[in-house]
Every structure is written in C-alpha cells, then in structure tokens.
Amino acid sequence: MTPENAMVFAAGFGIRMRPLTDRIPKPMIRVAGRPLIDHALEQLRGAGVARIVVNTHHLAEQIESHLGGMSDVTVIRETGRILDTGGGLRNALPLLGDDPVFTLNADYVWSGPNPFRCLAAAWDPERMDGLMLMLPRDRATGYRGPGDFGLGPDGRLIVPGDSGPPVMVYAGAQILKTGGLADIPESVFSVKVVWANLQADSRLFGVVHAGGWAEVGRPEAIPLAEALLRRAEAETDEGPVACPE
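About the cut-offs
Residues numbered from 1 in each chain as written. Predicted model: local features only at pLDDT ≥ 70, side-chain atom pairs only at ≥ 80, totals over all residues. Heavy atoms only, no water. Helix = DSSP H or I, 4+ residues; strand = E, 2+ residues; numbered from the N terminus. Rg over C-alpha atoms; globule rule 2.2 N^0.38 Å. Buried < 20%, exposed > 50% of the residue type's maximum accessible area, 1.4 Å probe, protein only. Phe/Tyr/Trp six-rings, centres within 6.5 Å; stacked < 30°, edge-to-face > 60°. Core = buried A, V, L, I, M, F, W, Y, C linked by side-chain atoms within 4.5 Å. Contact = heavy atoms within 4.5 Å. Salt bridge = Lys/Arg side-chain N within 4 Å of Asp/Glu carboxyl O. Polar contact = N/O pair within 3.5 Å; in protein donor to acceptor, adjacent residues only side chain to side chain. 1 Å grid on protein atoms, 1.4 Å probe; cavity = no way out; pocket = protein on both sides within 12 Å on 5 of 7 lines; lining within 4 Å. Points joined across faces, edges and corners; volume = space filled by probe spheres on them. Axes fitted to C-alpha atoms, helices over the stretch in contact; angles between N-to-C directions. Parallel < 35°, antiparallel > 145°, perpendicular 65-115°, else oblique. Left-handed = near helix turned anticlockwise from the far one by under 90°. Nonpolar A, V, L, I, M, F, W, Y, C, P; charged D, E, K, R; others polar. Pairing = 2+ DSSP bridges.

**Here's the deal with the overall build of the chain**
And step 1. Counting secondary structure elements, the chain contains seven helices and 14 strands.
And step 2. Here the C-alpha atoms of the chain give a radius of gyration of 17 Å, agreeing with the 18 Å that 2.2 N^0.38 yields for 245 residues.
And step 3. Across its three principal axes, the chain shows a C-alpha extent of roughly 45 × 45 × 35 Å.
And step 4. When each of the 245 residues of the chain is scored for burial, the buried share is 52%.

**Looking at the packing of aromatic side chains**
And step 1. Taken as a whole, this structure holds seven aromatic pairs when the rule is applied.
And step 2. Their ring planes at 70° and their centres at 6.1 Å tell us that Phe 149 and Trp 195 sit as a pair that is edge-to-face. With Phe 149 in strand S10 (residues 149-151) and Trp 195 in helix H6 (residues 191-200), the pair connects residues that are 46 residues apart, well separated along the chain. Across this residue pair, the class does not change: Phe 149 and Trp 195 are buried.
And step 3. Centre to centre, the rings of Tyr 170 and Trp 195 are 4.9 Å apart; their planes meet at 75°, and the pair counts as edge-to-face.

**Some words on the nonpolar core**
And step 1. Leu 44, Leu 119 and Trp 213 are the most contacted members of the largest nonpolar core, which has 48 residues in total.
And step 2. The element that contributes the greatest number of residues to this core is helix H1 (residues 36-46), accounting for five residues.
And step 3. Contact partners of Leu 119, with chain neighbours within four places excluded, come to Phe 102, Leu 131, Met 132, Leu 133, Ala 173, Gln 174, Ile 175 and Val 207.
And step 4. Phe 189, Val 191, Val 194 and Trp 195 belong to the second largest nonpolar core, which has 24 residues in total.

**Topic: the environment of Ser 71**
And step 1. Note that Ser 71 resides in the loop between helix H2 (60-67) and strand S5 (73-77).
And step 2. Residue classification places Ser 71 among the exposed residues on the basis of a relative accessible area of 81%.
And step 3. The spacing of Ser 71 and Phe 149 is 78 residues in sequence and 37 Å in space, taken between C-alpha atoms.

**Digging into the pattern of salt bridges**
And step 1. By the definition in use, this model includes twelve salt bridges.
And step 2. Asp 22 is paired through a salt bridge with Arg 18; the nearest N and O atoms lie 3.7 Å apart.
And step 3. When the shortest N-O distance is used, the salt bridge between Asp 154 and Arg 156 registers 2.4 Å.
And step 4. Each of Glu 61, Glu 64 and Arg 77 takes part in a single network of salt bridges with overlapping partners.

**Quick word on the side chain of Ser 190**
And step 1. Note that Ser 190 resides in the loop between strand S12 (167-176) and H6.
And step 2. There is a polar contact of 3.0 Å between the side chain of Ser 190 and the backbone nitrogen of Lys 192.
And step 3. With near-sequence residues (within four places) excluded, Ser 190 lies in contact with Asp 84, Thr 85 and Gly 86.

**Focus: the layout of surface pockets**
And step 1. Its boundaries defined by the atoms lining it, the largest pocket holds a volume of some 980 Å³.
And step 2. The wall of the largest pocket is formed by 35 residues, among which Arg 16, Thr 85, Asn 105, Asp 107 and Tyr 108 lie closest to the centre.

**Considerations on the packing of H1 against H2**
And step 1. Contact geometry for H1 and H2: axes closest at 11 Å, N-to-C directions at 45°. Considered as vectors, H1 and H2 are oriented oblique to each other. Along this stretch, H1 crosses H2, giving a crossing that reads as right-handed. Contact residues: Ile 37, Asp 38 and Leu 41 in H1; Ile 63, His 66 and Leu 67 in H2.
And step 2. Residue classes in the contact of H1 with H2 are distributed as four nonpolar, one polar and one charged.

**Observations concerning the sheet that holds strand S7 (residues 108-110)**
And step 1. Spatial strand order, S7-S14-S9: three strands in an open sheet with mixed pairing. Looking along the sheet, the strands with just one partner apiece sit at the ends: S7 and strand S9 (140-141).

In structure tokens, the structure reads:
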C-alpha cells in the first residue's frame, strides 16, 4: 500500500543554524524566497499525500501561524521536552493511523523527480518495513558527515565498511511501517533506533534519488541550496529525470 499520510519533523532547535534560529524556527528559514517547510509540503502534495502532520516545539507559533488554514496539514505541538524524531512520530500516530507513512525532515530541498513518488514506486511491503531515499555522498550538497549506510546489491541497507559498497547518505525522506515504535520503551528517541532494529532484521532498504538534494543545516548551506534549485530550473528544458527502475 502506498502511504497516504506523512509526518514532517519540524520541532528541533536548529542549533547549527544559529544565530538565524534564535529568532526564526529552522523550517521557516527562506531558501529561494520560500520557507523550507513550503519546499517540503510541495513535494508531498506533488505525490498526492492526503494528510500531513507537522510537529512543532521551538518558536512553534511562527510555524503554526504559517500553516494555519491549510486543510491538508495538522500541527501537533510538543510541550515540555522535544520527543526527537522517533518519539515525535509515535506521538503523532493517532493522527497518522496504522498504515505505513512517509516521513521527512523540514530542512532539505530536492530537485529532479519527486522523491515521494520514487519511494512509492520502489516500495514493496512484503520485503520492506522501511525504505529510505539515498544519495551518493558526492551528490549530497551541503552535507558534511561521513555517510549513513552502504547499499547492498539487493537494495538492503547495511553497515558501511571498508570493503563493502560505497557509503550512501540519507536524503531526508522515507516510507516507514510504524508498528515497531510501540516496542521502544523510551519516550524520547531518534528514528535511528527504528532503523537499527529494521536493519538487524534485514527489513531496511534504500532507493537512490536520481535528482539533486541539499541539506540546509547551516547558514552557509543556504546559497548552495539556492544554486542547486537554480541549476534544476535551468535544466528543465532537457527533459524530466526519471525515478530509478
């Protein structure tokens, strides 16, 4: 079943984006003239997602005011401690339901084919409990980390190693079955805990994004992301980029 609902993670403090995030929540920072969260919503709507849940915490009023009146968006504010991505997703399940969901972080931009349509095309719930959008590290604009997973020949995500497949970067979008969230005893936890459990069961897969991607995690990444979007706009005359087969 292709997910009909999606979770957007928008509750974080945006520490790496300071001083901008001292007064603006990271999802409201503008890239190419639009708040980051609008870029995320555009991708979800382009994939036909019916219901979008957005969690908030830091400077929540700004996000809530911006999203007010959007009939397909429901905001859930986390009070007290931020629940992190895994805890935030579990907290939103009464709104999302029991079926697999899309999730994404609100600090990325994409170019090329719609990432959620590509995930949906590759989704096989008989084999998969999680499917993550991945990119080779040399195509991950603005990214500074070492990478996240190796991608096996059958599409399974594996722990990267010196002799294994090339290290890939998680591009901020996934399909996830949520049943395993109930087995985690902590109230505050990262979705990485879920990934580790799925990987141990060989149920975590990846699909490579054919387009561009930028992580907007630091102020200096904003012009890099805007340049990516400008290049994508200039290249549209060359024909659409397709999802991988």
